[in-house]
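Chains, contacts and geometry: an overview
Okay, here's what each chain looks like letter by letter:
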Amino acid sequence: MSDSEHILSLVSSILALLLIFFVLVTRKQTRFNLPPGNMGWPFVGETIGYLKPYCATSIGEFMEQHISRYGKIYKSNLFGEPTIVSADAGLNRYILQNEGNLFECSYPRSIGGILGKWSMLVLVGDMHRDMRIISLNFLCHARLRTHLLKEVEQHTLLVLNSWKDNSVFSAQDEAKKFTFNLMAKHIMSLEPGKPETELLKKEYVTFMKGVVSPPLNLPGSAYRKALQSRSNILKFIEQKMSERLTKMKKGKENMEEDDLLGWLLKHSNLSTEQILDLILSLLFAGHETSSVAIALAIYFLQSCPEAVQQLREEHLEIARAKKQSGEMELKWEDYKKMNFTQSVVNETLRLGNVVRFLHRKALKDVRYKGYDIPCGWKVLPVIAAVHLDPSLFDHPQHFNPWRWQQNNGRSPVSASGCPCPSPSTNNNFMPFGGGPRLCAGSELAKLEMAVFVHHLVLNFKWELAEDDQAFVFPFVEFPKGLPIRIHRHTLK
């Protein structure tokens, strides 16, 4: 048989397989009243169009066209699987609230391959619950008050005090420096600027490039390099574990090393592999999302001088009260007074949408609003589409922190003493997900943003040094790094 005949035979076989695939999918779909939509090309589906970069303060042309054509609930083929996409607030809440019952977390294999099989992002069921409880215990309200507030302020000042008057730099990089150093200290007691911390940061940057890249495990690819960096990071963490265990056995443990690693070694029954994946996943979650949120706040505020002015008035009042009492460090009572700041935090998370959508899978056949969601289908609750829905939020693409104000401008406070959104918007506001998988670090993230903003507005004015805006790649990022020019000032 000639080469041309071999090629013709191969092409014919592929076409036959594609035809069989479509017939099987079509037969299965006839049993259900599926939402309208387009399944796109075989295997690839509509994934390329769905992941096409777009402005972060929008839902992108792909989503806009599909919602306009099919409605807020539609079918598609994404990430190699038949998918139900939801831009419907009610269905999104229903999906998140029925985690483990009707739906479960289902991220692409490439994510699990790079974050690890014990990562909280990909775990389901009892193991996820146990890992989440561990994280919540270490991020509890009492610890936020007694330990983390002080650490957050120290790392904020470490970054801001390095800024020189009238200088230009990447606000995105500075935010990442702040959150990485904070998490490295919080998790493993690593000191900022030390060679081992900088080495870990370098490996982590390579690792992150692979997380957001196509999962092509080929020589020289970002994904291959990230897998190698993951290996190096895990070796680093394991070495720290070994050193800590040796200190514990000899009774020479440093009391200052009150970190997650020490807590896990003392109070959990996790295996070494589980501890490694948990620490890596928390470093990823705690660094990446918070740094983007802080960069977004800097970006939105530079175009809203009224908000900056109100923030300065709020924080100047706090600073004056502390000066009169002879105190220097922020206390939890000061944080509770940051009412308008919390409105800015909420609006930044709503408009910027650091987490755009979530990956879920139907565990059973589910019917919602007359549509069927077949068992085994991927389900994507698109959080950004709800936050930018004009029927739920007035002028949703406008940065308006005052939409969160009530009771004469004072935001309500939760039972734990943390400011929270007003009831009128609470049900549709899901920046940290919801249900049993609600982000364990949500309160820490809001604390980081509030403390950073506190010192930022008290000490600096800033403007964009170059035009830049946040894009979705699919993670939110500023293509130019958000270059800003800062001017130091002192408020009296």
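Here we summarise the structure given alongside this text. (Residues numbered from 1 in each chain as written. Predicted model: local features only at pLDDT ≥ 70, side-chain atom pairs only at ≥ 80, totals over all residues. Heavy atoms only, no water.)

**A closer look at helix 12 (residues 272–302)**
The end-to-end C-alpha separation of helix 12 is 45 Å, in line with the 45 Å expected for 31 residues at 1.5 Å each. Buried residues dominate helix 12, accounting for 26 of its 31 residues. (Helix = DSSP H or I, 4+ residues; strand = E, 2+ residues; numbered from the N terminus. Expected span 1.5 Å × (residues − 1). Buried < 20%, exposed > 50% of the residue type's maximum accessible area, 1.4 Å probe, protein only.)

**Remarks on helix 15 (residues 339–352)**
Helix length check: helix 15, at 14 residues, gives a terminal C-alpha distance of 20 Å against a target of 20 Å (1.5 Å per residue), a fit within 8%. Among the 14 residues that make up helix 15, 14 are buried, leaving the element largely enclosed by the rest of the structure. At the exit of helix 15 stands Asn-353, carrying a positive phi of roughly 50°.

**Observations regarding the environment of Phe-207**
Tracing the chain through its elements places Phe-207 in helix 9 (residues 195–211). Placed 23 residues apart in sequence, Phe-207 and Arg-230 show a C-alpha to C-alpha distance of 6.1 Å. With residues near it in sequence (within four places) discarded, Phe-207 still touches Ile-114, Leu-115, Ala-226, Ser-229, Arg-230, Ile-233 and Leu-280. (Contact = heavy atoms within 4.5 Å.)

**Overview of the packing of helix 6 (residues 125–138) against helix 12**
Where helix 6 contacts helix 12, the two axes come as close as 12 Å, and the packing angle between them is 65°. Crossing geometry of helix 6 relative to helix 12 is assigned as right-handed. Here Met-127, Met-131, Ile-134 and Ser-135 of helix 6 lie close against helix 12, whose contacting residues are Gln-274, Leu-278 and Leu-282. Residues that form the contact of helix 6 with helix 12 fall into these classes: five nonpolar, two polar and no charged. (Axes fitted to C-alpha atoms, helices over the stretch in contact; angles between N-to-C directions. Left-handed = near helix turned anticlockwise from the far one by under 90°. Nonpolar A, V, L, I, M, F, W, Y, C, P; charged D, E, K, R; others polar.)

**Comments concerning the pairing of strand 2 (residues 73–78)**
Strand 2 sits mainly inside the fold: six of its six residues count as buried. Side-chain alternation along strand 2 places Ile-73, Lys-75 and Asn-77 on one buried face and Tyr-74, Ser-76 and Leu-78 on a second face that is also buried. Bridge analysis of strand 2 against strand 3 (residues 81–86) gives six bridges, and the strand direction is antiparallel. By the bridge assignment for strand 3, Ile-73 is matched with Ser-86. Adjacent in sequence and paired antiparallel, strand 2 and strand 3 are bridged by two residues, among which Phe-79 carries a positive phi angle near 55°. (Pairing = 2+ DSSP bridges.)

**What about the environment of Trp-404?**
With respect to the helices and strands, Trp-404 occurs in the loop between helix 16 (383–387) and helix 17 (423–426). Accessibility expressed as a relative area gives 1% for Trp-404, which makes it buried. Residues Trp-404 and Val-344, spaced 60 residues apart in sequence, show a C-alpha to C-alpha distance of 8.4 Å. A distance of 2.8 Å separates a polar atom in the side chain of Trp-404 from a polar atom in the side chain of Glu-347. (Polar contact = N/O pair within 3.5 Å; in protein donor to acceptor, adjacent residues only side chain to side chain.)

**Concerning the nonpolar core**
Counting residues in hydrophobic clusters, the biggest one holds 117 residues, and the most contacted among them are Met-63, Trp-163, Ile-298 and Trp-462. Sort the elements by how many residues they give to this core and helix 12 lands first, with 18 residues. With sequence-adjacent residues up to four places away left out, Ile-298 is seen in contact with Ala-171, Phe-452, Leu-456, Trp-462, Leu-482 and Ile-484. Ranked by size, the runner-up nonpolar core spans 15 residues in total, among them Leu-34, Ile-73, Ala-362 and Ile-373. (Core = buried A, V, L, I, M, F, W, Y, C linked by side-chain atoms within 4.5 Å.)

**Topic: the pairing of strand 9 (residues 378–381)**
Side chains Lys-378 and Leu-380 of strand 9 all project onto a buried face; the interleaved residues Val-379 and Pro-381 project onto the opposite face, where all are buried too. Relative to strand 9, strand 6 (residues 360–362) is paired through two bridges, and the arrangement is antiparallel. Within strand 9, the residue paired with Lys-361 across the bridge is Lys-378.

**Regarding the sheet that holds strand 11 (residues 471–472)**
Taken in spatial order, the three strands make up an open sheet running 1-11-12, and their pairing is antiparallel. If you trace the sheet from one side to the other, it starts and ends with strand 1 (54–55) and strand 12 (476–477), each paired once. In the sheet, strand 1 pairs with strand 11 via two bridges, with the strands oriented antiparallel. Paired with Cys-55 across the strands is Phe-471, a residue of strand 11.

**Side note on the packing of helix 7 (residues 141–160) against helix 8 (residues 171–188)**
Packing of helix 7 against helix 8 leaves a shortest axis separation of 9 Å and a crossing angle of 140°. What the angle tells us is that helix 7 and helix 8 run oblique. As helix 7 runs across helix 8, the sense of the crossing is right-handed. Where helix 7 abuts helix 8, its residues Arg-143, Leu-148, Glu-151, Val-152, His-155, Thr-156 and Val-159 lie against Glu-174, Lys-177, Phe-178, Asn-181, Leu-182, Lys-185 and His-186. Across the contact of helix 7 with helix 8, the residue classes tally to five nonpolar, four polar and five charged. (Parallel < 35°, antiparallel > 145°, perpendicular 65-115°, else oblique.)

**A closer look at the side chain of His-489**
Structurally, His-489 is set in the segment after strand 13 (483–488). Engagement of the side chain of His-489 in a polar contact is seen with the backbone oxygen of Phe-460, the distance being 3.3 Å. Setting aside chain neighbours within four positions, we find His-489 in contact with Arg-312, Val-457, Leu-458, Asn-459, Phe-460 and Lys-461.

**A few points about the sheet that holds strand 6**
Ordered by their spatial adjacency, five strands build an open sheet running 2-3-9-6-4, and the pairing between neighbours is mixed. The strands lining the two open edges of the sheet, one partner per strand, are strand 2 and strand 4 (103–105). Between one strand and the next, the sheet's axes are offset by a mean angle of 35°, whatever the strand orientation. Its contacts with the sheet place helix 4 (residues 89–97) against strand 2, strand 3, strand 4, strand 6 and strand 9, and it is angled at close to 120° to strand 9.

**Here we look at unusual backbone geometry**
It is generally the case that most residues other than glycine have a negative phi and that most peptide bonds are trans. For the peptide bond that leads from Phe-473 to Pro-474, omega is 15°, which places it in the cis range. For Pro-474, the location among the structural elements is in the loop between strand 11 and strand 12. Phi at Ser-189 takes a positive value of approximately 60°, unusual for a residue other than glycine. By the secondary structure assignment, Ser-189 is in the loop between helix 8 and helix 9.

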